[in-house]
Amino acid sequence: MSKANKVGFWSLYAVCLLSSGVRAIENCPIERARYELMGDEKFSAVFDIKPTRVNPAGELVVFVSSLASQYTYWFRLNSGNGYSTLSMTPLEQPKPGSESIPLRDAPTTQHELTEFQPIFLIDENLVFFPPESARPGLAAPMYLFPAALAPSLWYHSGSLGNPENTRESMLRALFKYKDCRQS
């Protein structure tokens with residue numbers, strides 16, 4: 001096989017892989033998508049619909065799990081009606097028997113203000129989704145980028161819910177779509 005044919009074959013193979021990934025995402029609502037951190041499979045992320053005190057019927061929340069600490073961080077999504085960045089704020093894990101996830105009070109200190117973590121939803125062409133794209137039933141994005149989560153997990157994992165306050169060594173990288181969980 002000539003060098004040109006090898007390059008053509010691998011280019012075609014890459015296009016097929018990418019296009020098959022796009023179809024999978026179009027058929028996967030965001031609340032069932034599972035992601036893995038690029039360059040470090042110890043971290044994964046999923047969306048799900050959970051009841052909160054604000055919305056007992058359920059709202060979209062994101063979970064970031066660490067294999068290193070065996071802890072899952074819970075976040076509520078906040079969008080500014082199209083005028084700001086999508087962000088996530090830490091949620092307390094519900095106590096056994098609780099019907100909804102408790103929300104934290106409004107931030108009062110500078111440290112609490114840093115708990116608003118920007119998160120970007122990005123398509124396969126590296127184009128940012130608008131904040132209102134984080135709605136149940138809408139197609140899952142190819143990538144997630146929680147821009148400030150890595151340093152927050154290193155310096156403030158306790159304020160994000162980890163009772164052990166474990167320093168998490170997470171790369172500042174994109175989470176890439178892995179698969180679609182069963183409903």
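Residues numbered from 1 in each chain as written. Predicted model: local features only at pLDDT ≥ 70, side-chain atom pairs only at ≥ 80, totals over all residues. Heavy atoms only, no water.

Grouped together as the largest cluster of nonpolar side chains are 34 residues, with contacts concentrated most on Tyr 35, Phe 47, Phe 75, Leu 77, Leu 149, Met 170 and Phe 175. Of all the secondary structure elements, the ones that give two or more residues to this core are strand S1 (33-37), strand S2 (43-50), strand S3 (59-66), strand S4 (71-78), strand S6 (117-122), strand S7 (143-146), helix H3 (149-155) and strand S8 (175-180). Element by element, the count of residues in this core is highest for S4, at 4 residues. Those residues in contact with Leu 77 that sit more than four places away from it in its chain are Phe 47, Glu 59, Leu 60, Val 62, Leu 86, Ser 87, Met 88, Ile 119 and Ala 134. Grouped together as the second largest cluster of nonpolar side chains are 5 residues, Val 61, Phe 63, Trp 74 and Leu 91 included. (Core = buried A, V, L, I, M, F, W, Y, C linked by side-chain atoms within 4.5 Å. Buried < 20%, exposed > 50% of the residue type's maximum accessible area, 1.4 Å probe, protein only. Helix = DSSP H or I, 4+ residues; strand = E, 2+ residues; numbered from the N terminus. Contact = heavy atoms within 4.5 Å.)

When pLDDT is averaged along the protein chain, the result is 78; 72% of the residues meet or exceed 70. The low-confidence segment residues 4-24 (pLDDT under 50) makes 3 contacts with residues lying over four places distant or belonging to another chain. (pLDDT = per-residue confidence, 0-100.)

Here we come to the sheet that holds S2. As summarised here, the arrangement of the 8 strands in space is S1-S2-S3-S4-S5-S6-S7-S8, forming a closed barrel in which the pairing is antiparallel. On average, each strand axis in the sheet is inclined to that of its neighbour by 35°, with strand direction left out of account. Sheet topology places S1 next to S8; 5 bridges connect them, and they run antiparallel. Each bridged residue has a counterpart across the sheet, and for Arg 34 the counterpart in S8 is Asp 179. (Pairing = 2+ DSSP bridges. Axes fitted to C-alpha atoms, helices over the stretch in contact; angles between N-to-C directions.)

As a further point, take the pairing of strand S5 (residues 87-91). Where burial is concerned, most of S5 is hidden: 5 out of the 5 residues are buried. Pairing of S4 with S5, which is carried by 5 bridges, proceeds in the antiparallel orientation. Bridging from a neighbouring strand, Asn 78 pairs with Ser 87 of S5. As paired strands, S5 and S6 are joined by 2 bridges and run antiparallel to one another. Within S6, the position partnered with Ser 87 by the bridge is Pro 118.

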